[in-house]
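Take a look at the letters that make up each chain.
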Amino acid sequence: APGSMEAADEEKAGNGHAEGPAAAAAERGGGGQRRLRGCRDFLRRNALVVLTVSGVVAGVALGTAVRGAALGPAQVAYLAFPGELLLRMLRMVILPLVVCSLVSGAASLDTRSLGRLGGIALAYFLGTTLLASGLAVALGFIVRPGAGATALNTPELGLPGALDNRKETVDSFLDLIRNLFPANLVAAAFQTYATGYKMLRRNTTSGNVTLEKIPVGTEIEGMNILGLVLFALVLGVALKKLGQEGEDLIRFFNSFNEATMVLVSWIMWYVPIGIMFLVGSKIVEMEDIVLLVTSLGKYIFASILGHFIHGGIILPLIYFASTRQNPYRFLLGLITPFATAFATSSSSATLPSMIKCIEENNGVDKRISRFILPIGATVNMDGAAIFQCMAAVFIAQLNNVDLNPGQIFTILVTATASSVGAAGVPAGGVLTIAIILEAIGLPTNDLSLILAVDWIVDRTTTVVNVEGDALGAGILNYLNEKEKKEKEQELKEVNVEAVANSKSEEETSPLVTHKNQVSNTTSTADPESKESVL
């Protein structure tokens with residue numbers, strides 16, 4: 001028996017020596033399979049991000065390759081057709097998304113939370129826009145983009161004589177307030193109120209003829225997003241006040257909102273294709289980029305530098321100071337909406353993908369994201385404020401005008417206020433620059449220069465706009481979660497106290513125990529002795 005046991009041990013040892021290399025090879029194979037599986041899982045989770053970034057790169061390559069073919073305007077329009085389809089699909093879902101998400105978001109929050117979150121959001125939006133405006137003015141004085149620029153009002157560099165029908169500053173702000181209260185909700189879906197002017201000829205007693213400019217109300221094409229946002233918010237609060245009677249309508253808007261998000265998730269898979277043709281066609285459309293860069297290069301550099309500092313440093317610092325969390329990890333989950341913003345130059349068109357990604361990738365509460373992001377896409381325009389202030393300083397330096405402190409203050413306040421009403425569409429901020437120039441007394445005929453480079457600067461402008469909205473939603477989500485945890489902790493403490501007070505009297509009160517013991521000992525005594533004991 002001992003001999004057989006030794007033979008078995010030797011056999012096992014031999015097998016162990018033989019199986020060693022095979023086991024190591026199997027382990028290496030298993031490690032390679034695990035890495036392959038991990039890579040496959042990463043690609044599956046981030047397929048949309050990879051495809052979107054690839055679409056941007058492919059668009060640049062496509063535009064560079066086709067640029068030498070000397071395409072005519074018709075061929076360029078055909079090349080941009082897939083990108084135009086993407087823009088049309090995104091704009092199609094903006095109206096139901098904004099209205100339904102705001103109604104359901106306002107109805108899901110109690111009045112106290114709505115007021116608190118709304119106050120914090122308003123303070124954040126105004127504060128970051130003021131910071132952006134101040135940064136742009138400071139950079140404008142440091143870089144001095146208009147010092148070396150030449151006033152090239154040639155047809156190649158924009159639209160000469162644009163915006164001859166200049167709007168008064170007072171009328172611009174009155175239009176902003178008028179659009180908050182649309183007279184017709186159906187018309188607000190595709191029209192915006194704007195003040196126009198007509199010249200009235202008057203004959204004076206001395207025989208001279210004078211022309212008087214009289215404001216006239218007109219309707220221009222474009223969604224009145226401000227009026228729809230305010231109406232949806234108030235309707236959501238009213239439905240919440242109705243209680244049980246408003247539940248059916250709230251459920252309707254919730255279902256409508258979820259169905260819209262399903263449509264958005266389908267549209268998102270077309271984004272890489274649309275972005276590729278949008279970027280490619282825009283590169284083909286560029287006429288003489290060397291002339292643009294040599295004449296307006298400092299202005300382009302200063303604007304993009306302002307966007308980089310505000311979006312890459314200031315906004316992440318505000319997020320970190322508020323939440324003590326890594327802002328860049330938060331932004332990493334939003335690459336797809338940032339690429340969409342870069343390609344479309346439209347905050348409104350980026351809204352559907354932003355809501356989808358911020359909820360799925362960053363775990364932001366639906367009530368917060370669908371309440372804050374539509375408002376932010378309308379009123380929070382940090383990138384537009386940088387763009388507008390830089391343009392005002394640039395035009396002042398171009399005309400050799402030294403800005404005094406009063407004019408600088410006017411630029412800051414006017415840019416912050418006018419960015420609220422800036423349309424979330426491509427080149428929407430150019431028209432609001434005219435308001436700032438009128439407010440500080442500068443000529444608006446140099447706006448053709450801004451239009452010439454707007455297609456470049458507007459892309460980084462839109463990325464900073466949507467980044468500010470996303471980080472604001474992240475901050476509000478953190479504060480809401482923190483308040484919820486504090487309430488749960490308070491409720492837990494109250495429950496513990498209630499459980500402690502609900503224990504039996506024998507455990508909690510020695511006096512009662514003593515009384516019971518005394519009463520037990522005197523149970524056989526007469527009533528008079530019981531009474532004396534009590």
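Criteria and thresholds
- Residues numbered from 1 in each chain as written.
- Predicted model: local features only at pLDDT ≥ 70, side-chain atom pairs only at ≥ 80, totals over all residues.
- Heavy atoms only, no water.
- Helix = DSSP H or I, 4+ residues; strand = E, 2+ residues; numbered from the N terminus.
- Buried < 20%, exposed > 50% of the residue type's maximum accessible area, 1.4 Å probe, protein only.
- Contact = heavy atoms within 4.5 Å.
- Areas by Shrake-Rupley, 256 points an atom, 1.4 Å probe, with all protein chains shown as cover.
- Core = buried A, V, L, I, M, F, W, Y, C linked by side-chain atoms within 4.5 Å.
- UniProt positions renumbered as here; feature names shortened; annotations may be inferred.
- Expected span 1.5 Å × (residues − 1).
- Arc of directions from axis to C-beta.
- Patch = residues over 30% accessible without salt bridge, like charges linked within 9 Å, V, L, I, M, F, W, Y side chains within 5 Å.
- Salt bridge = Lys/Arg side-chain N within 4 Å of Asp/Glu carboxyl O.
- Phe/Tyr/Trp six-rings, centres within 6.5 Å; stacked < 30°, edge-to-face > 60°.
- Axes fitted to C-alpha atoms, helices over the stretch in contact; angles between N-to-C directions.
- Left-handed = near helix turned anticlockwise from the far one by under 90°.
- Nonpolar A, V, L, I, M, F, W, Y, C, P; charged D, E, K, R; others polar.

Chemist: Even after reading the chapter, I still don't get the overall build of the protein chain, so can you show me in this structure?
Modeler: Check the secondary structure of the protein chain and you find 23 helices and two strands. When burial is assessed residue by residue, the protein chain has 43% of its 534 residues classed as buried. Relative to all contacts within the protein chain whose residues are 6 or more apart in sequence, the contacts with residues 24 or more apart total 82%. Of the roughly 27,700 Å² that the protein chain leaves accessible, carbon and sulfur atoms contribute 62%.

Chemist: Help me out: how do you make sense of the nonpolar core in this one?
Modeler: Nonpolar side chains in soluble globular proteins generally cluster together in the buried interior. Within the largest apolar cluster, 50 residues are counted, with the highest numbers of intra-cluster contacts made by Leu102, Phe330, Leu334, Ile358, Phe371, Ile372 and Ile375. Here the element with the most residues in this core is helix 5 (residues 94-108); it accounts for nine residues. Ignoring any residue separated from it by four or fewer positions in sequence, one finds Leu102 in contact with Val229, Ala232, Leu233, Arg370, Phe371, Pro374 and Ile375. Core analysis: the next-biggest nonpolar cluster, separate from the first, contains 38 residues, Leu135, Ala136, Ala302 and Ile386 among them.

Chemist: How should I be thinking about the environment of Tyr197 in this particular structure?
Modeler: With respect to the helices, strands and loops of the structure, Tyr197 is situated in strand 1 (residues 191-203). With a relative accessible area of 16%, Tyr197 lands in the buried category. Taking the C-alpha atoms as reference, Tyr197 lies 5.4 Å from Ile214; in sequence the two are 17 residues apart.

Chemist: What is the right way to look at the UniProt feature "transmembrane region" (unreviewed entry) in the protein chain in this model?
Modeler: As annotated by UniProt and renumbered to match this structure, "transmembrane region" (unreviewed entry) occupies residues 47-69, 89-109, 121-143, 220-239, 259-279, 299-322, 371-396 and 408-437. A helix fraction of 100% and a strand fraction of 0% characterise residues 121-143, whose end C-alpha atoms lie 32 Å from each other. Taken as a whole, residues 299-322 contains 100% helix and 0% strand, while its terminal C-alpha atoms sit 33 Å from one another.

Chemist: In this structure, what is going on with the side chain of Thr460? I would like to understand it.
Modeler: Checked against the element boundaries, Thr460 lands in helix 20 (residues 447-501). Thr460 sits in the buried class, given a relative accessible area of 19%.

Chemist: Any chance you could explain the environment of Glu221 here in plain terms?
Modeler: When you line up the elements, Glu221 lands in strand 2 (residues 209-221). Spatially, the C-alpha atoms of Glu221 and Gln191 are 4.7 Å apart, while their sequence positions differ by 30 residues.

Chemist: Which parts of the structure should I look at to understand helix 4 (residues 81-92)?
Modeler: Residues lying three or four places apart along an α-helix face the same way, a consequence of the helix completing one turn every 3.6 residues. With twelve residues, helix 4 should reach 16 Å at 1.5 Å per residue; the first-to-last C-alpha distance of 16 Å fits that figure. Taken together, the buried positions of helix 4 are Pro82, Gly83, Leu86, Leu87 and Leu90. Along the axis of helix 4, the buried residues cluster in a sector spanning 145°; they form a single face. Opposite the packed face of helix 4, turned more than 90 degrees from it, sit the exposed residues Arg88 and Met92. On its buried face, helix 4 sits against helix 3 (73-79), helix 5, helix 10 (247-268), helix 11 (271-285), helix 14 (335-344) and helix 15 (347-360).

Chemist: What am I meant to see in a nonpolar patch on the surface here?
Modeler: On the surface, Val170, Leu174, Ile177 and Phe181 cluster together into a nonpolar patch covering about 410 Å² of accessible area. Along the polypeptide, Ile177 turns up in helix 7 (residues 169-180). A relative accessible area of 48% places Ile177 in the partly exposed class.

Chemist: How should the pattern of salt bridges be read in this particular structure?
Modeler: In this structure the tally under the stated criterion is nine salt bridges. Residue Arg116 is joined to Glu483 by a salt bridge in which the shortest nitrogen-to-oxygen separation is 3.0 Å. With a gap of 367 residues between them, Arg116 in helix 6 (residues 111-143) and Glu483 in helix 20 connect regions that are remote in the sequence. Among the residues examined, Glu483 registers a relative accessible area of 12% and is labelled buried.

Chemist: Teacher, can you tell me more about unusual backbone geometry here?
Modeler: Of all residues except glycine, most have a negative phi; of all peptide bonds, most are trans. At Arg144, a residue that is not glycine, the phi angle is positive and equals roughly 50°. Summarising the element assignment, Arg144 is placed in the loop between helix 6 and helix 7. The residue Ser345 is not glycine, and still its phi comes out positive at about 55°. With respect to the element layout, Ser345 can be found in the loop between helix 14 and helix 15. Judged by relative accessible area, Ser345 falls into the buried class, the value being 6%.

Chemist: What is the right way to look at the packing of aromatic side chains in this model?
Modeler: Two aromatic rings are characterised by how far apart their centres lie and by the angle between their planes. What the rule picks out here adds up to five aromatic pairs. Consider the rings of Phe252 and Phe253, whose centres lie 5.4 Å apart with planes at 70°: the pair is edge-to-face. By relative accessible area, Phe252 is classed as partly exposed at 45%. You can call Phe253 buried: its relative accessible area is 11%. Taken together, a centroid distance of 5.1 Å and an interplanar angle of 35° make the contact between Tyr319 and Phe330 tilted.

Chemist: For this particular structure, what's the right way to read the packing of helix 11 against helix 14?
Modeler: To characterise two packed helices, one gives the angle between the axes of the helices and the distance between these axes. Across the interface, helix 11 lies against helix 14 with an axial gap of 9 Å and an inter-helix angle of 30°. Crossing of helix 11 over helix 14 shows left-handed handedness. Counting all contacts with helix 11, which are made through Val271, Ile275, Leu278 and Val279, the residues of helix 14 involved are Ala339, Thr340, Ala343 and Thr344. Counted by class, the contact of helix 11 with helix 14 contains six nonpolar, two polar and no charged residues.

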